[in-house]
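Summary of structural features
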Amino acid sequence: DISVISNLTTIDCLILALSGVIGITIADVLFLISLNILGTSRSSIINTIYSPMVIVLAYFILGETLTFIHFMGGGLILGSILYLSLNPDGEKINDLNKGLIIGIIAYSLMALGIIMVKPILNKCADSVESQLWIILFRLVPGTLLSYITMSIMHNKKEIVTQLSNKKVWPIILLGSFLGTYVGFAMWVIGMAKTSASVASILNQTSTIFIAFFGWLILKETFSKKMMLCFLIAVVGAFIIIINPN
């Protein structure tokens, strides 16, 4: 619906661009740093903080409801992360606490980025075409700035060397398309159809899939303590799921 897009103000467009920079450029760079330190299994535990952050930010920024049950669920999630941090496994992980803190900041910025665009999405809740346009508009500046940021952070020869391996191209392209565009498009469309809090809670199922695919594809293992942290975090997310309002 072109009429919906034409009604977007300059401020709306600036907010979309800024949201992309915060939620894609900055958050993704921090997430990748954290992922390299922690691995996918521990990252799946950190991922559980995303829903509570969206709920808290939606409460302060959008005026959505926040109840005691939200605090209880969020407390379980934060507690599992704290336990993971204070009681490291026998396996030595360099900069474990640094990875946890960076991961928490990354998911918090992702939450902020999506909360920023929720009022704009409300304007086109009945138009999937407009929602896809908004996704693309937000994605372009965020992605372009990500490339610039990564080129500054890494040695150019190293980047060229990595990209010269054409075997990784199909994986990079498929992962970028499915994860960055298709997955995010479904997430934003869901956000437009319901409250930010409920949509973020449904998105929390990604935690289970991260852990599963980390085990299936990367052959990562869960220690007993990691499994306990994971289960506590999932219970916290589930408590919020069954009490969205």
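Here, every reference points to the structure presented above.
Quick notes on the rules
Residues numbered from 1 in each chain as written. Predicted model: local features only at pLDDT ≥ 70, side-chain atom pairs only at ≥ 80, totals over all residues. Heavy atoms only, no water. Helix = DSSP H or I, 4+ residues; strand = E, 2+ residues; numbered from the N terminus. Buried < 20%, exposed > 50% of the residue type's maximum accessible area, 1.4 Å probe, protein only. Contact = heavy atoms within 4.5 Å. Areas by Shrake-Rupley, 256 points an atom, 1.4 Å probe, with all protein chains shown as cover. Core = buried A, V, L, I, M, F, W, Y, C linked by side-chain atoms within 4.5 Å. Phe/Tyr/Trp six-rings, centres within 6.5 Å; stacked < 30°, edge-to-face > 60°. Expected span 1.5 Å × (residues − 1). Bend = angle between axes of the 7 residues up to and from the residue. Polar contact = N/O pair within 3.5 Å; in protein donor to acceptor, adjacent residues only side chain to side chain. Axes fitted to C-alpha atoms, helices over the stretch in contact; angles between N-to-C directions. Parallel < 35°, antiparallel > 145°, perpendicular 65-115°, else oblique. Left-handed = near helix turned anticlockwise from the far one by under 90°. Nonpolar A, V, L, I, M, F, W, Y, C, P; charged D, E, K, R; others polar.

Moving on, we get to the overall build of the protein chain. In terms of regular secondary structure, the protein chain is built from eleven helices and zero strands. Along its sequence from the N terminus, the protein chain presents helices and strands in the succession α-α-α-α-α-α-α-α-α-α-α. Counting over 245 residues, the protein chain shows a buried share of 40%. Put simply, 86% of the contacts in the protein chain that link residues at least 6 apart link residues at least 24 apart. Carbon and sulfur atoms make up 73% of the accessible area of the protein chain, which totals about 13,200 Å².

A separate point is the nonpolar core. Note that soluble globular proteins tend to have their nonpolar side chains buried in a common cluster. Residues Tyr50, Val54, Tyr107, Ile114, Ile115, Leu121 and Ile134 are the most contacted members of the largest nonpolar core, which totals 34 residues. Elements supplying a minimum of two residues to this core: α2 (10–46), α3 (50–62), α5 (96–122), α6 (128–153) and α8 (169–193). For this core, the leading source of residues is α5, giving eleven residues. Excluding its chain neighbours within four sequence positions, the residues that come into contact with Ile114 are Ser19, Tyr50, Val54, Arg138, Phe184, Trp187, Val188 and Met191.

Summed over all chains, the structure comprises three aromatic pairs. Ring geometry for Phe31 against Tyr107: centres 5.8 Å apart, planes inclined by 70°, an arrangement best described as edge-to-face. Separated by 76 residues along the polypeptide, Phe31 in helix α2 and Tyr107 in helix α5 bring together distant segments of the chain. Of the residues examined, Tyr107 reaches a relative accessible area of 5% and is grouped as buried. Ring geometry for Tyr59 and Phe60: centres 5.0 Å apart, planes at 80°, overall edge-to-face.

Relative to the 18 Å expected for 13 residues at 1.5 Å per residue, α3 spans 17 Å between its end C-alpha atoms, a close match to the ideal helical length. Among all positions of α3, only Tyr50, Ser51, Pro52, Val54, Ile55, Leu57 and Ala58 are buried. Within two residues after α3, Gly63 carries a phi angle of roughly 75°, on the positive side.

Turning our attention to α5. Compared with the 39 Å implied by 1.5 Å per residue over 27 residues, the 40 Å span of α5 between its first and last C-alpha is a close match. At Met116, α5 shows its strongest bend, of approximately 25°, with the proline Pro119 following within four residues.

With respect to the element layout, Met116 can be found in helix α5. Measuring from C-alpha to C-alpha, the distance between Met116 and Leu62 comes to 9.0 Å, with 54 residues separating the pair along the chain. What Met116 contacts, discounting residues up to four positions off in sequence, is Ile15, Leu18, Ser19 and Ile22.

Within the secondary structure, Thr25 is located in helix α2. Assessed through its relative accessible area of 3%, Thr25 is described here as buried.

With respect to the helices, strands and loops of the structure, Pro52 is situated in helix α3. You can call Pro52 buried: its relative accessible area is 12%. Here the alpha-carbon distance between Pro52 and Ile77, two residues 25 residues apart in the chain, equals 8.4 Å.

As for its placement among the helices and strands, Ser34 is situated in helix α2. C-alpha of Ser34 to C-alpha of Asp95: the two residues are 61 residues apart in sequence and 9.6 Å apart in space. A polar atom in the side chain of Ser34 sits 2.8 Å from the backbone oxygen of Gly99. Separated by 3.5 Å, the side chain of Ser34 and the backbone nitrogen of Gly103 make a polar contact.

In a pair of packed helices, the angle between the axes and the distance between the axes together describe the arrangement. At their nearest, the axes of α3 and α5 sit 9 Å apart, and the two run at 40° to each other. Put simply, α3 runs oblique to α5. Our pair here, α3 against α5, has a crossing hand that is right-handed. Along the contact surface, α3 presents Tyr50, Met53, Val54, Leu57, Ala58, Ile61 and Leu62, while α5 presents Tyr107, Ser108, Met110, Ala111, Leu112, Ile114, Ile115, Lys118 and Pro119. Tallied by class, the residues present in the contact of α3 with α5 amount to 14 nonpolar, one polar and one charged.

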